[in-house]
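Summary of the model geometry
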Amino acid sequence: ADGEHRASMTPYPPAPWHTHGRAYLSPYLVRARDVTVPAPLEIESHFGMATGMLGYLVYETPSPLLYSELVWMPCRVKVRTDDGQTLRGFYVEKMYVDLEASLHAGRDIWALPKQLATFVERDGHVHIETEDGARLDDHRDVPRAPRHVARERDLRPREQARDRPERRARRG
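Each chain has its residues counted from 1, following the order in which its sequence is written. Only residues with pLDDT of 70 or above have their local features reported here, since the model is predicted, and side-chain atom pairs are shown and tallied only from 80 upward, although totals for entire chains, interfaces and linings are computed over all residues. The side-chain figures draw on all heavy atoms in the structure; neither hydrogens nor water molecules are used.

**Observations regarding the side chain of Thr130**
A helix here means a DSSP run of H or I that spans at least four residues, while a strand means a run of E at least two residues long, and both kinds are numbered starting from the N terminus. Within the fold, Thr130 resides in strand β9 (residues 125–130). Looking at Thr130, its side chain comes within polar contact range of the side chain of Asp132, at 2.4 Å. Pairing of N or O atoms within 3.5 Å defines a polar contact, subject to two protein rules: one partner must be a possible hydrogen donor and the other a possible acceptor, and residues neighboring in sequence count only if both atoms are side-chain atoms. Polar side-chain contacts of Thr130 include one of 2.8 Å to the backbone nitrogen of Ala134. Residues count as neighbours in contact if any of their non-hydrogen atoms are within 4.5 Å of one another. Once residues lying within four places of it in the same chain are set aside, the contact partners of Thr130 are Tyr96, Leu116 and Ala117.

What follows is the structure in structure tokens.
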């Protein structure tokens, strides 16, 4: 209750966190059949496709912790509560951070699947290497999903999906 992770003794501030910084988000279309979520969550999809999101975030002063984060959310999900409400949101499958305090707080407070990574920003690009072997090296305004997180052929930025010739033909 004092904001310390007992196993590692890595301190972190208590929730809630009021964060500030930059976020770069890229939507993707993901085949719903290729995504698995725990029960009782249900994947929200249309025509077999789910909306995924890849985010690169940098938390800056005056945030309670200063760190970078990469998050892969392959789909939106919904769940019915006992009182009949339907709650919706993105399902977080992978999350990488470069600060141990954020890793432990994310796991302890919010049960998020955080792992450690190194982030290097230089000349408008970001290079990320994760502890499980994933690498991302791209312009920070247009991040792409690491190949081991979701197969590249399963991911299409929304703009590309919208501009496919077969979609244009149906409009006209």
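**Remarks on helix α1 (residues 100–110)**
Looking at α1, one finds that the buried residues are Ala101, Ser102, Leu103, His104, Ala105 and Gly106. Here the buried face of α1 lies against β4 (67–73), β7 (94–97) and β8 (114–122). Just downstream of α1, Ala111 is the residue with a positive phi angle, here 55 degrees. Here's how the labels work: a residue is buried when its accessible area is under 20% of the maximum for its type, exposed when over 50%, partly exposed in between, all with a 1.4 Å probe on protein chains only.

**Some words on the nonpolar core**
To qualify as a nonpolar core, a set must consist of buried Ala, Val, Leu, Ile, Met, Phe, Trp, Tyr and Cys residues joined through side-chain atoms within 4.5 Å. Among the nonpolar cores identified, the biggest contains 22 residues, and Tyr56, Cys75, Phe119 and Ile128 are the most heavily contacted of them. Contributing elements (two or more residues each) for this core: β1 (21–31), β3 (49–59), β4, β5 (75–80), β8 and β9. With 4 residues, the top contributor of residues to this core is β3. Beyond its immediate sequence surroundings of up to four residues, Cys75 is in contact with Val35, Val37, Ile43, Ala50, Thr51, Gly52, Gly89, Phe90 and Tyr91. In this structure, Tyr12, Val71, Leu103 and Ala105 belong to the second largest nonpolar core, which totals 15 residues.

**Things to note about the pattern of salt bridges**
The salt bridge criterion pairs a side-chain nitrogen of Lys or Arg with a carboxyl oxygen of Asp or Glu, the two atoms within 4 Å. Under the counting rule described, the total for this entry stands at 8 salt bridges. For Glu60, the salt bridge is made with Arg22, and the minimal N-O distance between the two is 2.9 Å. Taken as a pair, Glu60 in the loop between β3 and β4 and Arg22 in strand β1 lie far apart in primary sequence, 38 residues in all. Close ionic contact of Glu129 with Arg135 constitutes a salt bridge, the shortest N to O distance being 3.7 Å. Judged by relative accessible area, which is 33%, Glu129 ranks as partly exposed. Relative accessible area serves as the criterion here: at 59%, Arg135 is assigned to the exposed category. Here the salt bridges do not stand alone but share partners, grouping Arg22, Glu60 and Glu121 into one network.

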